[in-house]
Amino acid sequence: MVSVIRVHLPSEIPIVGCELTPYVVVRRVGGGIPITDDVTEAAPIDGHFLRYKYRIQSDKQVNVCSVHPTEQATLQCIACLKAKIPVAKSYHCSAKCFSDAWQHHRSLHLRAATAANESGNEEEEIFGRVNSTGTQNLTSGSTPIYPASVTQRSGETWFEVGRSKTYTPSADDIGYTLKFECVVVDIQTKLPVGSPSQITTSHVIPAPTPPPRCLIPVNVVDLMGNFIADGRQSSAGNFTVLSYNILADVFATSESYSYCPSWALSWTYRRQNLLREIVGYRADIICLQEVQNDHFEEFFSPELDKHGYQAIYKRKTSEVSQTLDGCATFFRRDRFSHVKKYEVEFNKAAQSLAEAVVPNGQKKNALNRLVKDNVALIVVVEAKFNHQGADNLGKRQLLCVANTHVNVHQDLKDVKLWQVHTLLKGLEKIAASADIPMLVCGDFNSAPGSSPHSLLALGKVDAMHPDLSVDPLGILRPHTKLTHQLALVSAYSSFARSGIEQQRKMDLSTNEPLFTNCTRDFIATNDYIFYTADSLTVDSLLELLDEDSLRKDTALPSPEWSSDHIALLGEFHVKPRNRR
């Protein structure tokens, strides 16, 4: 015999498209260790198992604000109804809410007018979330979509909607309250034993919809000074690359991000929101950082496989701490095939360095400073699409993509620079063995103008750079060795020559974005996509976000954006070999 001793929800706010899985703790009658594993009919304990039900309060619904989904709506945009925009997007909690959101809200009207001339799938793509089983008329006087099923003594009417431990709310559930029931059942009689344990949620809310980010064409100048008005005219083989630090769940704590609502910080919500965002960019190559090992295996790899991506993963080493995250690279199978991968473990490089240059008496201190578990994942792929034009038909086109997450500690400037230098030396060896364009993506935890950024962008570090004064192990000397020959250029530097709208989001003194990482107490540019400008051309870039728009939710992460970093994406093409 077992009894339920606790039922708890990760978040009391259910969200459309996000799995709702309560924590259920049981214990054998008479004592023993609490059991958190599911007790199923196929694997009963002491002749008993657990039966689950989800019910929805079908006679009571509130209309939910489209901007502040935890608030009840008090007004509705009639123009949305006329434009056949999903009705849930028409509600606002106050006149100020509607006024503040007008610019974004007006864009819905314009996009709906455009979508009316396209297919129905286009409207779903623009406005849809997930698990929507139909558009519900939520205006006053609408007919309830749930038939009466169970009327309790209180007069409340509850309709059964699920019989498993997990339930995923749909758009039809918006505004309704859910109740989860768990009861112990005798496996012989199939009858309940005792009263069910119950927990009730707040009303179901729609998943917040972030404003769309567009690809912005850029005007570029090649290394010879020739102006290219539209790089895509040079080659039919364009491809896109995304780089994104997704904020590992282990770091997404309420202590670090107290300004973010708990439901928006929960992994069940963030993983779905991140997936929607990542898939929505339709990148050919995806470089993610801070991907937990279990989340890669159980979520990102299988989910992105459904969208046609092959996955490669490198977990951080764990000599310093029990590291849970790593770097994951994905590429579209219809666009690229996998050729080779290289795994860079900076811990191993530190061991080799200590053996070679550090005196025996200092090796322990040197390794304590250098061994930080960071890694890089280098993937070589071959393009399946036409990339060179008629003059190079039949020739293989390889592409090398590096994905890394450099050490975060700001007082270890020498370690950051050494890690970047080590990665670049490895890439130089690959470049020497093949004519291969390269992309270097990741979270470098280094601001524009820092020594790692200078090494990447300029190919060298000035001997008078202040970062070089931090070198207790002497690993950066002689400073003349801090060079590389890869002709790397930061993709987003192209926005410095772009239109005014994007220029205002750039630091024109460094030609980098004003920020890629924005929390309440910290804002900086740490993320980059570098490319070899002698073999690749950047054609367009994903528009940057405006700090003021993020500050309305205090900072990142937020209900709309589920990481404390923003995604970067560039569209590139390979230069014909005869023009390199």
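Sequence order as written defines the numbering, with residues in each chain counted from 1. Local features in this predicted model are restricted to residues whose pLDDT is 70 or higher, and side-chain atom pairs enter the listing and the counts only when it is 80 or higher, whereas totals over whole chains, interfaces and linings include all residues. The side-chain figures draw on all heavy atoms in the structure; neither hydrogens nor water molecules are used.

(A) Highlighting the packing of helix α6 (residues 267-281) against helix α7 (residues 293-306). Helix axes are fitted only over the stretch in contact, all axes being lines through C-alpha atoms; the angle between N-to-C directions runs from 0 to 180 degrees. What counts as a helix is a DSSP run of H or I of at least four residues, what counts as a strand is a run of E of at least two, and both are numbered from the N terminus. Viewed as axis vectors pointing N to C, α6 and α7 meet at an angle of 35 degrees, and their least axial separation amounts to 11 Å. In the packing of α6 onto α7, the handedness of the crossing is right-handed. Between α6, through Trp267, Arg271, Gln272, Leu275, Ile278 and Val279, and α7, the contact on the second element is made entirely by His295, Phe299, Phe300, Glu303 and Leu304. Put simply, a crossing is left-handed when the front helix is turned counterclockwise from the back one by less than a right angle, and right-handed when it is turned clockwise. In what follows, residue pairs with any heavy atoms lying within 4.5 Å of each other are defined as contacts.

(B) Examining the packing of aromatic side chains more closely. Only Phe, Tyr and Trp rings take part, Trp by its six-membered ring, and two of them pair if their centres are within 6.5 Å. Stacked means planes under 30 degrees apart, edge-to-face means over 60, and tilted covers everything else. Within this structure, the stated rule accounts for 20 aromatic pairs. On the basis of an interplanar angle of 50 degrees and a centroid distance of 5.0 Å, the ring pair of Tyr54 and Phe180 is categorised as tilted. Placement of Tyr54 in strand β3 (residues 48-61) and of Phe180 in strand β8 (residues 176-186) is noted, with a sequence separation of 126 residues between them. Of the two residues, Tyr54 and Phe180, both sit in the buried class. An aromatic cluster is built from Phe239, Phe336, Phe385, Tyr531 and Phe572, whose rings are joined through pairwise contacts. Each residue gets one of three labels from its accessible area relative to the maximum for its type: buried under 20%, exposed over 50%, partly exposed in between, using a 1.4 Å probe on protein chains only.

(C) Molecular detail of the sheet that holds strand β10 (residues 215-217). Taken in spatial order, the 7 strands line up as β10-β27-β28-β13-β14-β16-β15 in an open sheet, and their pairing is mixed. Only two strands of the sheet have a single neighbouring strand rather than two, namely β10 and β15 (309-315). With direction set aside, neighbouring strand axes in the sheet form an average angle of 25 degrees. In this scheme, strands are said to pair when DSSP sees at least two bridges between them. As paired strands, β10 and strand β27 (residues 536-542) are joined by 3 bridges and run antiparallel to one another. Across the sheet, residue Pro217 finds its bridge partner in β27, namely Ser540. Contacting β14 (285-292), β15 and β16 (325-332), α7 runs over the sheet at an angle of about 165 degrees to β15.

(D) Molecular detail of the nonpolar core. Residues belong to one nonpolar core when they are buried, are Ala, Val, Leu, Ile, Met, Phe, Trp, Tyr or Cys, and are joined through side-chain atoms within 4.5 Å. By size, the foremost hydrophobic cluster in this structure holds 62 residues, and its most contacted members are Phe239, Ile278, Phe330, Phe336, Leu399, Leu439 and Phe572. In this view, Leu439 contacts Phe239, Val241, Leu399, Cys400, Val401, Ala402, Ile529, Phe530, Tyr531, Leu536 and Phe572; residues no more than four positions away in its chain are not counted. Within the second largest apolar cluster, 46 residues are counted, among which are Ile174, Leu178, Cys260 and Leu265.

(E) Structural view of the sheet that holds strand β21 (residues 488-490). Here we have 6 strands laid out as an open sheet, ordered β17-β18-β19-β20-β26-β21, and mixed in their pairing. Across the chains shown, the open sheet's two edge strands, defined by having one partner strand only, are β17 (336-345) and β21. When strand polarity is set aside, the average angle formed by the axes of neighbouring strands in this sheet is 20 degrees. Summarising the sheet, strand β20 (residues 438-443) and strand β26 (residues 527-532) pair through 5 bridges and their orientation is antiparallel. Residue pairing across strands places Val440 opposite Phe530, the latter belonging to β26. Sheet strands touched by helix α10 (residues 413-433): β17, β18 (375-383), β19 (398-405), β20 and β21. Its angle to β20, the strand with the most contacts, is close to 160 degrees. The strands touched by helix α11 (residues 451-458) are β20, β21 and β26; relative to β26, the strand with the most contacts, the crossing angle is about 25 degrees.

(F) Helix α8 (residues 346-357), seen in detail. Over its 12 residues, α8 extends 16 Å from the first C-alpha to the last, a length consistent with the 16 Å expected when each residue adds 1.5 Å. For α8, every residue scored as buried is listed here: Phe346, Asn347, Ala350, Leu353 and Ala354. One side of α8 carries all its buried residues, which in axial view fall inside an arc of 115 degrees. Opposite its buried face, α8 presents the exposed residues Lys348, Glu355 and Ala356, each directed more than 90 degrees away. Those residues of α8 hidden inside the fold are in contact with β17, α9 (363-370), β18, β19 and α10. By definition here, a helix of n residues has an expected span of 1.5 Å times n minus one. The directions from the helix axis to the C-beta atoms are what the arc is built from.

The values are spatial; any link to function lies outside them.
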